[in-house]
Amino acid sequence: MSSKKLSIIGSGNVANYFASTFYDNGINVNQITSKNIEHAQLLANKVNSNAIAKISDLDFEIDYLIVAVNDSSIADVLAEIPVHVSPIILHTSGNTDIKIFNPLFRNFGVLYPLQTFSKHTSLVNTNFPILLEANSKETLKKIRDLVSLFTNNIMELDSNQRQVTHLAAVFANNFTNHLFSISSSILANENIDFQILFPLLNETISKIQVGEPDAIQTGPARRNDENTMKKHQEILTKYPKNFKLIYDIISKSITQKFNSNG
């Protein structure tokens, strides 16, 4: 059992991940608080912790306090934490600048997991980067010491680098998942199982792990195949308008990239 002790503010997907991961690796999750005390209690039960109703009631005689809430709530949460408390205060946001802590606290940083989480779905790949940032070298070392208890996949990025990485992740994960949803809807309309695409998707993921995305780009837009694209556009007229809009925007982006004379 590690001598390190921490508490978590939040009970969502990221809070669940960190609470479970710390607990599984022998780190004492002292207290958990959330706007929804029932959710905090459920999470606390999983990790042998204590659910606390209010931030002001937290025990601050700990090593780390992790703020795992949505981006729009971080500032409000920080405002409720007493200034100059002893633990290192960490937020888990990809898009929130470390400056949000100034001038409130002495020791603070960022603990951002570059992964997508769902409460009721287990992770397939647990070896993902944890991106760190801190207000000092000493604090950064202490955060790294904590994270190294459960992973070696650690990267130090400043706020600008982390925000750019978060943006790239939105394109690579959130946007593609929405495209999967559209694909699933199109197939379902013809009573075709979405799993028919799994070998194709697996092949694409395999290829981008060994080569640049541009090098493996295929499809009618890549070839500037106007006849095929026109047929696709005709089919899409019976679906929601945004399907065709997305198809046109992405096709145009690909065509311009690979077929521009300029």
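Rules behind the numbers
Residues numbered from 1 in each chain as written. Predicted model: local features only at pLDDT ≥ 70, side-chain atom pairs only at ≥ 80, totals over all residues. Heavy atoms only, no water. Phe/Tyr/Trp six-rings, centres within 6.5 Å; stacked < 30°, edge-to-face > 60°. Axes fitted to C-alpha atoms, helices over the stretch in contact; angles between N-to-C directions. Helix = DSSP H or I, 4+ residues; strand = E, 2+ residues; numbered from the N terminus. Parallel < 35°, antiparallel > 145°, perpendicular 65-115°, else oblique. Left-handed = near helix turned anticlockwise from the far one by under 90°. Contact = heavy atoms within 4.5 Å. Nonpolar A, V, L, I, M, F, W, Y, C, P; charged D, E, K, R; others polar. 1 Å grid on protein atoms, 1.4 Å probe; cavity = no way out; pocket = protein on both sides within 12 Å on 5 of 7 lines; lining within 4 Å. Points joined across faces, edges and corners; volume = space filled by probe spheres on them. Buried < 20%, exposed > 50% of the residue type's maximum accessible area, 1.4 Å probe, protein only. Pairing = 2+ DSSP bridges.

Enquirer: Break down the packing of aromatic side chains for me, citing the residues and quoting the values.
Expert: Scanning all chains against the criterion turns up 11 aromatic pairs. Put simply, the rings of Tyr17, Phe18, Phe22, Phe117, Phe128 and Phe150 touch in pairs and so form one group of aromatic residues.

Enquirer: Lay out the packing of helix H9 (residues 226–236) against helix H10 (residues 241–259) in plain terms, naming residues and giving numbers.
Expert: Across the interface, H9 lies against H10 with an axial gap of 9 Å and an inter-helix angle of 165°. Between H9 and H10, the angle falls in the class roughly antiparallel. Classified by chirality, the crossing of H10 by H9 is right-handed. The segment H9 lies against H10, with Thr228, Met229, His232, Gln233 and Leu236 engaging Phe243, Lys244, Tyr247, Asp248, Ser251 and Thr255. Of the residues that constitute the contact of H9 with H10, the class distribution is four nonpolar, five polar and two charged.

Enquirer: Please give an account of the layout of surface pockets that cites residues and values.
Expert: One number sums up the size of the second largest pocket: a volume of about 390 Å³. Lining the second largest pocket are 20 residues, and of these Asn16, Tyr17, Ser20, Thr21 and Leu123 sit closest to its centre. For the lining of the second largest pocket, the element with the most residues is helix H1 (residues 13–24), which contributes six residues.

Enquirer: An account of the pairing of strand E6 (residues 108–113) is requested, with residue identities and associated values reported.
Expert: With six of six residues buried, E6 is to be regarded as a mostly interior element. Neither face of E6 is exposed, since Phe108, Val110 and Tyr112 on one face and Gly109, Leu111 and Pro113 on the opposite face are all buried. When strand E5 (residues 88–91) meets E6, the two strands line up parallel, connected through three bridges. The partner of histidine 91 across the bridge, within E6, is valine 110. One ladder, built from five bridges, connects E6 with strand E7 (residues 130–134); its direction is antiparallel. The residue bridging tyrosine 112 from the neighbouring strand is leucine 131, located in E7.

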